[in-house]
Amino acid sequence: MSKINVKDLELKGKKVIIRCDFNVPLDDDLNITDDMRIQGALPTLKYVLAQEPAKMILMSHLGRPKGEVIEKMRLIPVANRLKELLGEDVLMLDDCIGDDVKASIANSSARVVVLENLRFHKEETKNDPAFAEQLASLADVYVNDAFGTAHRAHASTEGITKFLRSAAGFLLEKEISYLGKAVQNPEKPFVVILGGAKVSDKILLIENLLKKADAILIGGGMAYTFLKAQGKNVGNSLLEADKIDIAKDLLVKAKEAGVNIVLSSDFMVVDNFDNKDSLKLVTDIEDGWEGLDIGPATRAKFKEVLSTAKTVVWNGPVGVFEIDAYAQGTKEIAEYLATLKGVTTIVGGGDSAAAVSKFGVDDKMTHISTGGGASLEYLEGKVLPGIEALTDK
Ligand code: AMP
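Residues numbered from 1 in each chain as written. Predicted model: local features only at pLDDT ≥ 70, side-chain atom pairs only at ≥ 80, totals over all residues. Heavy atoms only, no water.

Caption draft 1: Spatial organisation of the overall build of the protein. The secondary structure content of the protein amounts to 13 helices and 15 strands. The C-alpha radius of gyration computed for the protein amounts to 23 Å, which stays within 12% of the reference 21 Å derived for 393 residues, consistent with globular compactness. Projected onto the principal axes, the alpha-carbon positions of the protein cover approximately 70 × 45 × 40 Å. In the protein, which comprises 393 residues, the proportion classed as buried is 55%. By sequence separation, contacts in the protein at least 24 residues apart represent 73% of the contacts at least 6 residues apart. Total accessible area computed for the protein in this model is approximately 16600 Å², and 47% of it derives from carbon and sulfur atoms. Separation of charge centres in the protein, based on 48 positive and 58 negative side chains, amounts to 4 Å. (Helix = DSSP H or I, 4+ residues; strand = E, 2+ residues; numbered from the N terminus. Rg over C-alpha atoms; globule rule 2.2 N^0.38 Å. Buried < 20%, exposed > 50% of the residue type's maximum accessible area, 1.4 Å probe, protein only. Contact = heavy atoms within 4.5 Å. Areas by Shrake-Rupley, 256 points an atom, 1.4 Å probe, with all protein chains shown as cover. Lys, Arg positive; Asp, Glu negative; His and termini not counted. Charge placed at Lys NZ, Arg CZ, Asp CG, Glu CD.)

Caption draft 2: Layout of helix α1 (residues 36–50). Helix length check: α1, at 15 residues, gives a terminal C-alpha distance of 22 Å against a target of 21 Å (1.5 Å per residue), a fit within 8%. At L42, α1 shows its strongest bend, of approximately 40°, with the proline P43 following within four residues. Residues of α1 that are buried in the fold lie against β1 (15–19), β2 (55–59), α2 (76–86), β4 (112–114), β5 (141–144) and α5 (170–184). Just downstream of α1, E52 is the residue with a positive phi angle, here 55°. (Expected span 1.5 Å × (residues − 1). Bend = angle between axes of the 7 residues up to and from the residue.)

Caption draft 3: Spotlight on the pattern of salt bridges. Counted under the stated rule, the structure contains 23 salt bridges. Across the pair E123 and K122 runs a salt bridge, and its minimum N-O distance is 3.8 Å. Given a relative accessible area of 45%, K122 falls into the partly exposed group. For the salt bridge of D242 with K243, the shortest nitrogen-to-oxygen distance reads 3.1 Å. By sharing partners, the salt bridges in this structure join D293, R299, K303 and E332 into a single network. (Salt bridge = Lys/Arg side-chain N within 4 Å of Asp/Glu carboxyl O.)

Caption draft 4: Quick peek at the environment of K83. Structurally, K83 is set in helix α2. A relative accessible area of 35% places K83 in the partly exposed class. Along the sequence, K83 and V112 sit 29 residues apart, while their C-alpha atoms lie 8.9 Å from each other. Discounting chain neighbours no more than four positions away, the residues touching K83 are E88, D89 and V90.

Caption draft 5: Representation of the domain arrangement of the protein within the structure. We note that the domain assignment places domain 1 (6–169) and domain 2 (178–379) within the protein. Each side of the interface is counted separately: domain 1 has seven residues, and domain 2 has eight residues. In total, about 590 Å² of surface goes out of reach between domain 1 and domain 2, with carbon and sulfur atoms giving 66% of it. On the domain 1 side of the interface with domain 2, the three residues burying the most area are M36, F147 and H151, jointly 76% of the side's total. Inspection of the region where domain 1 meets domain 2 yields one salt bridge. Note that E377 and R152 form a salt bridge whose closest N and O atoms lie 3.9 Å from each other. Put simply, domain 1 and domain 2 have one residue pair in polar contact (both at pLDDT 80 or more) between them. Across the side of domain 1 that touches domain 2, the residue classes break down as two nonpolar, two polar and three charged. (Domains from an automatic or database assignment. Buried area = accessible area lost by both parts, 1.4 Å probe. Polar contact = N/O pair within 3.5 Å; in protein donor to acceptor, adjacent residues only side chain to side chain. Nonpolar A, V, L, I, M, F, W, Y, C, P; charged D, E, K, R; others polar.)

Caption draft 6: Molecular detail of the packing of aromatic side chains. One pass over the structure, following the stated rule, counts three aromatic pairs. When the ring of Y47 is compared with that of F170, the centres are 5.4 Å apart and the planes differ by 80°; the resulting orientation is edge-to-face. Note that Y47 is positioned in helix α1 and F170 in helix α5, a separation of 123 residues in sequence. Between Y224 and F267, the aromatic rings sit 5.9 Å apart at their centres with planes inclined by 45°, giving tilted as the arrangement. Note that Y224 is positioned in helix α7 (residues 223–229) and F267 in strand β10 (residues 267–270), a separation of 43 residues in sequence. The ring of W289 is capped by K280, whose NZ or CZ atom sits 4.0 Å from the centre of that ring. (Phe/Tyr/Trp six-rings, centres within 6.5 Å; stacked < 30°, edge-to-face > 60°. Lys NZ or Arg CZ within 6 Å of the ring centre and 35° of its normal.)

Shown next, in the form of structure tokens:
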């Protein structure tokens, strides 16, 4: 990577401010239901503490408070969990900027400080320079370890880098190294599995992958727009009618590029989303029926292509995996990926990450991205502002 990382910084005796992604799910009693994102930050946090900094100041957003203080979006549960995981005192503040914040940090014996939710100030997402400068004024050096927000130019990801020497944390660096290799120099054959609800979200991704991939397997809701483009019946399945021409165009481009596009060819359909009892297997979707999962022949075909791969990127579930009756296709693909030996398997964030976790194979994947939107944009070949802004090596 062309950017400095946390090991390139002199940290002893310094105040270090770190942008983390502590946007964790909370239940109604404000218990953290999945602390993967906090666990993911630990390598950087432990490394920084071992360098004996004067202070380690952590900042993050949580939820979408949109510039207002929302009590249930405070970072208190995160600070409590960090206290347990780091085994040391953590000072939780009730704001992220200002004289009181500065004084509290200076007067506390705690080395670890958690600032309150950045998005309680609307200036954060607006990338307001004065707000960024106030964040920067709390520290001597800056580390970005929040891959999930690296695709956004916010005050804590981009603005702050104008004021401080800025390095990548280990988590951010790991994301870039796996995703970067996949899009720049994948070990071939390179097979991509695409699913999820919408074609419109994935057009740029497909265009970029056509330059790199050997095969693209398309399932999930987005497959139906491609099938329609080929003149097939899709019944009531998800369809983006205004994207049929783009789908046709992508199929032509794939052919020209020699990329093997495999569309789902058999389907688990229902006559009504809530009527699980009507579930049946078809190869032609009649009017009034809706495809919610790939069928066994498609699963077998996908596995056959995957068996040839050296690199696999998976973005988007191939069915409505949240509902067990429609989850079999996604489950089988996840379980098959887990059996592959000597293959780099990369799971894009968001729903595909939730799927491998639901089916208990997350530890069998080479890399699961922590950032849904960020990993998608990175795989589309876009420059991520939060990474671009870091100090060059
Ligand atoms: P995305 O955020 O675009 O990756 O979409 C993920 C969502 O797509 C999940 O919530 C799935 O339930 C949904 N999905 C996958 N396959 C289908 C399908 N055949 N019909 C409707 N929704 C689907």
